[in-house]
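Structure at a glance
For reference, the chains in residue letters:
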Amino acid sequence: MSGPETPSTMRPLRLFGLGFLALSAACAAGRTQSVDSAPVDPSVGANGGDAADADEAESASPHALGTIILGESRASATGDSNPLISASFVPDAKLVKSCTKKLGACEITETPKCTTGGVQGCGSGEVCTFDDECTAKCVKVCTKSCSAGEVCTFSKKGSSKGTEDDMTCTKKDRFDAGALAFAGTTQAITLFPPYSITPNGNGAPFLARTEIRVQATGGASAGFEKFDEKFTSTTFLETDPPLRELSRGTVFGSGAVTIGWVPGEDKVYVQASGLGGSARCLADDASGTFDLPRAVIREVSSDSEGGSLSISVTRERREVHKNKKTFGELSGGQTIQPEGWIELVTQSTESHSFASCGTGATICGDQCVSLQTDAKNCGACGNVCPTSYYCSAGSCRY
């Protein structure tokens, strides 16, 4: 069951990890997309690895962070499973943050909304994003074409002109762990910086509850020193009843939406995303059920009619291995924390999208109808007009 539905003030949340999940509203808006700051089972970990939850994230000792994710994601409607493989490394975990607010057991990431001259949106050459205080604002986009290994930046911080003369190309710093090779996976996996990969085939890259080994050769100029780590995979998640069997009336109704799955032993997150943002709710895996609060659905849904909502359920096992070493220097005086942590994550996700009714239509049961003209739902759901009568303006007429 979910907790009290009282949202707290939006705050910057320091997050452990960069991710690839389908809740992409923040990414589209130019914000840092993160997996989560999820608690880790205290029994999980090796080589000094232990748990770090959302509250500990703020007080954790300074460290660089590497996040390696192996997962599978499938559509509930078809059962088609796609492998997901990701790796990222940052010199200081405190740099990875997102603007969120709490609502019961859920963390809500909203889409920034800017207004220019009384009209929602930004001017030409600008994008709406959140600043360090989680306030939505329009910022200039650096559009100068740069060579490989370079990135476009403004020559003066806070430049307001945004012209080509204000833009310059600077060398892109490299911070990584070199080549990554895996053993114990269902397919051969070797990643090289910048770790961009399109997995082949379908299905998960791991078996349930098996040992996986990852070796890193170490970064070239700056990054993590070489490491060799082992971790255990999660089990596969199956919703019960399947997400595809949730009715549109239930999803877009008035009460909480009950989500069920075959119970397990790791962490489960129920996620909802719409045009208004996304939410990620921690659930009890062993219970096999979670009531997604209606207040959360309202928060992430668009104010306009005719929107849609995506719901996904993820089982996740996360091991944190500490006491790794980093090295090198970065331009601009950016700090590289001398101690590195490695997050080793496996996930299994099932998802489904639901379309609401368009303008002027109402959900009756699982159908979109017009209460103004539908003889079987005239003026109200289930109000059937007598034989030979028709429905007009919400009233049965002869």
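Everything numeric here is computed off the predicted structure, so don't read it as measured data.

Analysis parameters
Residues numbered from 1 in each chain as written. Predicted model: local features only at pLDDT ≥ 70, side-chain atom pairs only at ≥ 80, totals over all residues. Heavy atoms only, no water. Helix = DSSP H or I, 4+ residues; strand = E, 2+ residues; numbered from the N terminus. Buried < 20%, exposed > 50% of the residue type's maximum accessible area, 1.4 Å probe, protein only. Contact = heavy atoms within 4.5 Å. Areas by Shrake-Rupley, 256 points an atom, 1.4 Å probe, with all protein chains shown as cover. Disulfide = S-S within 2.5 Å. Pairing = 2+ DSSP bridges. Salt bridge = Lys/Arg side-chain N within 4 Å of Asp/Glu carboxyl O. Polar contact = N/O pair within 3.5 Å; in protein donor to acceptor, adjacent residues only side chain to side chain. pLDDT = per-residue confidence, 0-100. Phe/Tyr/Trp six-rings, centres within 6.5 Å; stacked < 30°, edge-to-face > 60°. Lys NZ or Arg CZ within 6 Å of the ring centre and 35° of its normal.

Each helix and strand counted, the protein chain has 4 helices and 26 strands in total. By the burial criterion, 44% of the 398 residues in the protein chain qualify as buried. For the protein chain, long-range pairs separated by at least 24 residues make up 63% of all intrachain contacts whose partners lie at least 6 apart in sequence. As displayed, the protein chain offers around 19,000 Å² of accessible surface, 48% of which is attributable to carbon and sulfur atoms.

Further remarks concern the state of the cysteines. Summed over the entire model, instances satisfying the criterion amount to 10 disulfides. Note on cysteine connectivity: Cys 114 is disulfide-linked to Cys 128, with sulfurs 2.1 Å apart. A torsion of 80° about the S-S bond marks the disulfide between Cys 114 and Cys 128 as right-handed. In this pair, Cys 114 is assigned in the loop between strand S5 (106–110) and strand S6 (115–116) and Cys 128 in strand S8 (residues 126–130), connecting sequence segments 14 residues apart. Judged by relative accessible area, which is 5%, Cys 114 ranks as buried. Two residues share a disulfide in this structure: Cys 122 and Cys 138, whose sulfurs sit 2.1 Å from each other. The S-S bond linking Cys 122 to Cys 138 shows a torsion near -85°; that makes this disulfide left-handed. Within this pair, whereas Cys 122 is found in the loop between strand S7 (119–120) and S8, its partner Cys 138 is found in strand S9 (residues 136–140), the two being separated by 16 residues in sequence.

Right, let's talk about the environment of Cys 114 for a bit. For Cys 114 and Val 127, which are 13 residues apart along the polypeptide, the C-alpha to C-alpha distance reads 8.9 Å. Sequence-distant contacts of Cys 114, defined by excluding residues within four places in its chain, comprise Val 119, Gln 120, Gly 121, Cys 122, Cys 128, Thr 129, Ala 136, Lys 137 and Cys 138.

A few words now on the pairing of S9. Note: S8 against S9, 5 bridges, orientation antiparallel. Bridging across to S9, Val 127 finds its partner in Val 139. Between S8 and S9, which follow one another and run antiparallel, lie 5 residues, and Cys 134 among them has a positive phi close to 65°.

Right, let's talk about the pattern of salt bridges for a bit. Evaluation of the coordinates by the stated rule reveals 15 salt bridges. Arg 74 is paired through a salt bridge with Glu 350; the nearest N and O atoms lie 3.2 Å apart. Here Arg 74 is found in strand S2 (residues 64–75), whereas its partner Glu 350 is found in strand S22 (residues 339–355), with 276 residues between them in sequence. Glu 350 carries the same exposure label as Arg 74, and that label is buried. With a shortest N-O distance of 2.8 Å, Asp 285 and Arg 315 are connected by a salt bridge. Placement of the pair is Asp 285 in the loop between strand S19 (277–284) and strand S20 (289–292) and Arg 315 in strand S21 (residues 308–327), with a sequence separation of 30 residues.

Mapped onto the secondary structure, Glu 319 falls in strand S21. Here the side chain of Glu 319 touches His 321 through a polar contact of 3.2 Å, side chain to side chain.

Strand pairing in a sheet relies on backbone hydrogen bonds, with the paired strands running either antiparallel or parallel. Across the sheet, 4 strands lie side by side as S13-S12-S14-S16; this open sheet has antiparallel pairing. The open sheet has two edge strands, strand S13 (190–191) and strand S16 (227–232), and neither has a second partner. Both strand S12 (residues 180–183) and S13 contribute to a ladder of 2 bridges, which runs antiparallel. Note that in S13 the partner of Leu 180 across the bridge is Leu 191.

We now examine the confidence of the model for the protein chain. Taken residue by residue, the protein chain gives an average pLDDT of 82. The fraction at 70 or more is 82%. Throughout residues 1–55 the model reports pLDDT below 50, and contacts reaching past four residues in sequence, or to other chains, amount to 179 contacts.

Along the chain, Gly 201 turns up in the loop between S13 and strand S14 (211–216). Once the C-alpha coordinates of Gly 201 and Ser 81 are considered, the two residues, 120 residues apart in sequence, prove to be 9.2 Å apart.

A cis amide bond links Pro 193 with the next residue in sequence, Pro 194, at an omega value of 5°. Within the fold, Pro 194 resides in the loop between S13 and S14. In this structure, the amide linkage connecting Asp 240 to the following residue, Pro 241, adopts the cis form with an omega of 5°. Structurally, the position occupied by Pro 241 is in the loop between S16 and helix H3 (248–251).

A full pass over the atoms with the stated rule returns 5 aromatic pairs. A centroid spacing of 5.2 Å and a plane angle of 50° characterise the contact between Tyr 389 and Tyr 398, whose relative ring orientation is tilted. Judged by its relative accessible area of 72%, Tyr 398 falls in the exposed class. A cation over a ring is seen here: Arg 280 above Tyr 269, with NZ or CZ 3.9 Å from the ring centre. One cation-aromatic arrangement involves Lys 322 over Trp 341; the distance from NZ or CZ to the ring centre is 4.1 Å.

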